[in-house]
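Given next are the chains, with one letter for each unit.
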Amino acid sequence: MLLRTVFTLNRSVNLGFLLVMRRSVSVSSIAAIDVAAKDGELGVFVVAGEVSGDTIGSRLMASMRKLSPFPIWFAGVGRSMMSDHGLKSLFPMEDIAVMGIWELFRVKLKETAQAALLFQPHVVVTVDSKGFSFSLLKQLCAKYSQQGMVSPPHFHYVAPSFWAWKGGEARLKGLSEFVDHVLCILPFETEVCRLNGLAATFVGHPILEDVLELNLGTNNVEKGWKVQGSFDKFQSKHEISSGVTIISLLPGSRLQEVNRMLPIFFSAMKLLKDYFSELIMVIHAAPIPVILIPGGSAHMKYDAPSASKVALCTSGTVAVEMQLARLPCVVAYQAHVLTEWLIRYKAKVPYISLFLHKKCKNQIGLECEGVPGQALGLGLDETFKQVD
């Protein structure tokens, strides 16, 4: 979807590349696309630091291979899905996703910057993970400047959530020093970026590609932006009897999030098990039977919600997926106490999810009174009543 949106294909694929990859800030008048045409190949250094970024990066790579007028080569950091499209990751992507270990961050940042310089890419693309991504782009700009070389254009896919923080828009002005173009996934972000001197293009939310992928070849146009999984297939595959209540748990994609959120989710589930004669948890990544759903398969990802009555999920991309699946959910998040204090002080938005319609009493962040699991249990109970 990204390259179909950004590239102009009416007459020539080359024209589309020219529009997207030409840098107005380059000290050289030679655009990246022109250099690639001269070299007869396109080199892309791409870095993703999270599971969702691996999905986005893999789709970007697939689209670029399909649309590029030249042979295309990738280098950088990613996970299994990006590896399926030809990327040999410099190191496990999880090394970036581990938060709070400064020494590891610093070592991997230096390793990535050195690899990018050796690869000599025509374009650098960073996907989300703004902490690592922006540090990398700053280093690359400094390295190229020190060596008297022209830096390749820097694209950042997924704009930082400036709209959620006080003073967030003002911080956009500094990004233009090391980011040439931002690929935005929310429509209102583009104009704000441009007003703050940052070139930007709205390319659509990557999760919507799940709809295109799963509804492809079917007469599901009337469904609109909705994914309908197969309840019968899921029930049969996992031998679930009729009458069983299924609840989906989505604790997050980062190891720290999972370690932090699963115990809270389990506490909530323990409170609910007495209300149902048969209860099964579906964990996407106990005293109650559990089904583990592996990542990577869009079909399996949406079959589980189709069979679930409600979901309990960590704030993030999964909340958007549950919206597509039309599954009622309770969205939760817990961070370090200092981080939660900072969120309360700096946040502009009242909710922790884009699609949160109602904030349940005593359930969000520092406003949670008592045991978080109990609060979430009450939230699930309220959601059950709304569903019924």
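### A short note on the pairing of strand 2 (residues 72-77)
Counting buried residues along strand 2, 5 of its 6 residues qualify, which places the element largely inside the surrounding structure. Relative to strand 2, strand 1 (residues 42-48) runs parallel, the two being bridged by 6 bridges. Each bridged residue has a counterpart across the sheet, and for V47 the counterpart in strand 2 is V77. The parallel pair strand 1 and strand 2, bridged by helix 4 (residues 51-67), forms a crossover whose chirality is right-handed.

### A short note on the side chain of S68
Within the secondary structure layout, S68 lies in the loop between helix 4 and strand 2. Here F70 takes part through its backbone oxygen, which lies 2.8 Å from a polar atom of the side chain of S68.

### Comments concerning the pairing of strand 11 (residues 329-332)
A regular strand places its side chains on the two faces of the sheet in alternate fashion. Here strand 10 (residues 310-314) runs beside strand 11; their pairing, made up of 4 bridges, is parallel. If you follow T314 over to strand 11, its bridge partner there is A332.

### Things to note about the confidence of the model for the chain
Predicted confidence across the chain gives a mean pLDDT of 76, with 72% of residues reaching 70 or more. Across residues 1-29, confidence stays below pLDDT 50; counting only partners more than four residues off in sequence or on other chains, it has 58 contacts.

### What to know about the packing of aromatic side chains
Applying the stated criterion to the full structure yields 2 aromatic pairs. With a centroid separation of 6.3 Å and 50° between ring planes, the pair formed by F45 and F119 is classed as tilted. One end of the pair, F45, is in strand 1; the other, F119, is in helix 7 (residues 102-119), and 74 residues separate them in sequence. Residue class for F45 comes out buried when judged on its relative accessible area of 0%.

Reading guide: rules and limits
- Residues numbered from 1 in each chain as written.
- Predicted model: local features only at pLDDT ≥ 70, side-chain atom pairs only at ≥ 80, totals over all residues.
- Heavy atoms only, no water.
- Buried < 20%, exposed > 50% of the residue type's maximum accessible area, 1.4 Å probe, protein only.
- Helix = DSSP H or I, 4+ residues; strand = E, 2+ residues; numbered from the N terminus.
- Pairing = 2+ DSSP bridges.
- Right-handed = clockwise from strand over helix to strand, strands pointing away.
- Polar contact = N/O pair within 3.5 Å; in protein donor to acceptor, adjacent residues only side chain to side chain.
- pLDDT = per-residue confidence, 0-100.
- Contact = heavy atoms within 4.5 Å.
- Phe/Tyr/Trp six-rings, centres within 6.5 Å; stacked < 30°, edge-to-face > 60°.

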